[in-house]
Structure formats: structure tokens, C-alpha cells
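Here is what each chain is made of, one letter per residue.
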Amino acid sequence: MRQKVLIVVVLAAACVTAVSFLAASRSALADASRPLPTPQADEIVLALKVMDDTALSIGDGLDPLPTTTTSAASTTTVITTTTIKVTPIPGTHVKGIPKQIILTNNHDEFQHSWDNVNPGVGKLFFGDQEMIEFVRTFRPDVFPKFNELIRIEQADLFRYLAMYFYGGIYADVDVVCKEPIETWPRIAIPQLLPPDSPDAKPVPTMAELDFMIGVEFSTPQDSNPMQFVQWTLASSRGNPLFLHVFEYCWQMVSILPRGVARAVVKRTGPIAFTRAVLDFIAGHARPQGMVEGYPKALLPPKELAEMGQTLSLFTTVGELRGVILPYRSFGYHASHRPSFRSPYDHLVEHMFRGSWQDQV
């Protein structure tokens, strides 16, 4: 029987004056050159379940404290409580996608796949209340309004902030992991040149990448020329791309009325996410700019969905190296029409079991 570990994470930081991000210009938000906000409390405790029954891989940014461990043993279970400290990241970007997996709203049918495929990798579980406390801690300036949003919009905004403050891999409750995360770049990054070509470059590792974002649709969706996946994300810590995504979606929450499912995808969901990512790429890739709402630096949508593309973004925190993954990596589902299917190289599979539309 799987043993589960309850990790009590103590978040400690001195109080500082909250910074208002909404008053900044879009370019300033995109570059995220200012220091990050720190928690506005002396001590806030979050309960995060770790789905691995062995040691937690602390990873970048999870600093172990001197710990006391207590065990309550019975004939079937052992419950262990450990204290570790999670500190806000510094005002500079931390290179590389850390080997940690962020999961929400436990669903054993699918989420055990992350355990099975990635043994020994730290997995942080956030329930609804933990997501709320996370935002209260790291973005007290937006918390009152955030607390009034429906749960799916809270979950959307949480994932963008979690990628920014923690980094690692984020996955929705109904996403199945198909391949070990350390193999993702080698499987997904296109080999545009033969391996023996003098111009061929080695495939970057997770430690050398700052983001991985997948294609969902290569056809127009609403006002966007294509659509990215946001049920699985990968990022380095302090990545200004994900701060920009959060701030863009927060503006949409303030501008667009809520009340129907279509509003959710435009306010915080994939339509808003895609537009924010396209805008950031257009402003920070080479060449800069857009043509008909699509970055000049990206391959055409159909070619991007088929091949994927490595990409460098130039920001005030330095060069961000990342990958736009082909459709087959994150976007695949067996129910899609045959022209969308691919029999190989699926990193995850989205089972589309979410019930978010019931909340609207």
C-alpha cells in the first residue's frame, strides 16, 4: 500500500511594501525587472502532499530546515511530518527547468502516472485551499479580487504564478504522464539538421531550458491564429514570460465580464494564455514584431504544430531559451480526428475529464 507523506511547508519572509504590478506598462511587466514581491506575513503554513513515498527531491528553491520527524505507525500506514522552508525567489531569473512537478486536486487514476514514470522526483500537491493561500502569500495585492473568482479561473491564474515563483512542471488533474520529464527535450525537440551535420547542435537539457509550451491547435481559435496548451507547462523560476501571462490574464479579468464558459477561456484560459504568449514572443524574439497577430519569429502555425521550434527570447533578465513543442507532445488525444493523430512521441495525454464548465 502506497504510503503518503504530508509535507508541512513553512513560508517565512519579512514584510515589505506590496508592489502594484497593474500600474506598470506591458513592457515592464514582460521584462519583470523589478524585485519580486515577498509574503506579507510573518509565517504562513501550507500543507502540500508529496505523492512520492520515498524522499522528496527538494530541488531548486526548497531549502531544508533542521527538521523534526514524527511517525505514527499502525499495522497499515506510517504518517510522517517534515518541515521545510520555501523562500521567495530572488529578483533575478534562475536558469533551467527544475525537476519538480506541481499537481492540483488529487485524482489517483491519472496523477499516479507522474509517480510511476518519474520515481524520486519531487511532486508538490496543491488543493483548493493551498492554491488560495499561495496567492494570498505571494500576491497579496490581487488576493481580494482573486478570492471572488470561480475555481477554474483561480486554477488558471495559480498555474501561471506557480511557474513563475516555483518553476518546474505543472499538470492538470486529468493529465497522464507518458515519458520521464528528463527525456522530454530529447524526444520533442526537432532535429532540423542531420546529426552528422557540422551545423548540428546538441539537444538542450531541462537544465538549459527556460520554458516548454505545446501547440494545441494550428487553426484559428477566436481572435488568435492558433492555440497553445495550458494543461501542461514547464518553466524556469522567475521566468518573466509567465509573469507577463499572469498580468495579461489579470487585466482580462478586470475588463471582460464573466458568466459563460466562453468568457473563462478569454479571461484566464487558453485564449488569453495564447495571446499573452504570442505577444511576449513578438516583443522578445528575433526578429521582433507581428504580422496579422502572429509573431514574425515563429514558423507558420501548421509547420509549428508538426515540427515544433526552439526559440530564444531576449529580456532584461537575460536570454530565455525554450521550445514550442509540436502538437504530438502535449496536445495529443486519441479522440482527435485522424489528421491530428500521431502514433509516437507523446509526452503527456490529456484525458479531458475536467468539470470546470459546471462552475460557470
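Let us look at the structure shown here. (Residues numbered from 1 in each chain as written. Predicted model: local features only at pLDDT ≥ 70, side-chain atom pairs only at ≥ 80, totals over all residues. Heavy atoms only, no water.)

**Side note on the side chain of arginine 159**
So, point 1. As for its placement among the helices and strands, arginine 159 is situated in helix 5 (residues 151-165).
So, point 2. Arginine 159 has contacts with Tyr170, Asp172, Gln230, Trp231 and Leu233, leaving out every residue within four places of it along the chain. (Helix = DSSP H or I, 4+ residues; strand = E, 2+ residues; numbered from the N terminus. Contact = heavy atoms within 4.5 Å.)

**Topic: the nonpolar core**
So, point 1. The biggest cluster of nonpolar side chains holds 58 residues, and the ones touching the most others in it are Phe134, Ile213, Phe228, Phe273 and Ile324.
So, point 2. The leading source of residues in this core is helix 7 (residues 240-255), at ten residues.
So, point 3. The residues contacting isoleucine 324, other than those within four sequence positions of it, are Phe211, Ile213, Val215, Phe228, Ile281, Leu298, Leu304, Gly308, Gln309 and Leu311.
So, point 4. Among the nonpolar cores identified, the runner-up in size contains 25 residues, and Ala171, Ile187, Val323 and Leu325 belong to it. (Core = buried A, V, L, I, M, F, W, Y, C linked by side-chain atoms within 4.5 Å. Buried < 20%, exposed > 50% of the residue type's maximum accessible area, 1.4 Å probe, protein only.)

**Examining the packing of aromatic side chains**
So, point 1. According to the stated counting rule, one finds 13 aromatic pairs in the structure shown.
So, point 2. Centroid distance tyrosine 164 to phenylalanine 165: 5.2 Å. Interplanar angle 75°. Geometry classified as edge-to-face.
So, point 3. Exposure remark for phenylalanine 165: the relative accessible area of 3% places this residue in the buried category.
So, point 4. Feature note: the residues Phe126, Phe134, Phe138, Phe158, Tyr164, Phe165 and Tyr166 constitute an aromatic cluster, connected by ring pairs.
So, point 5. Here the basic side chain of lysine 145 rests over the ring of tryptophan 250, its NZ or CZ set 6.0 Å away from the ring centre. (Phe/Tyr/Trp six-rings, centres within 6.5 Å; stacked < 30°, edge-to-face > 60°. Lys NZ or Arg CZ within 6 Å of the ring centre and 35° of its normal.)

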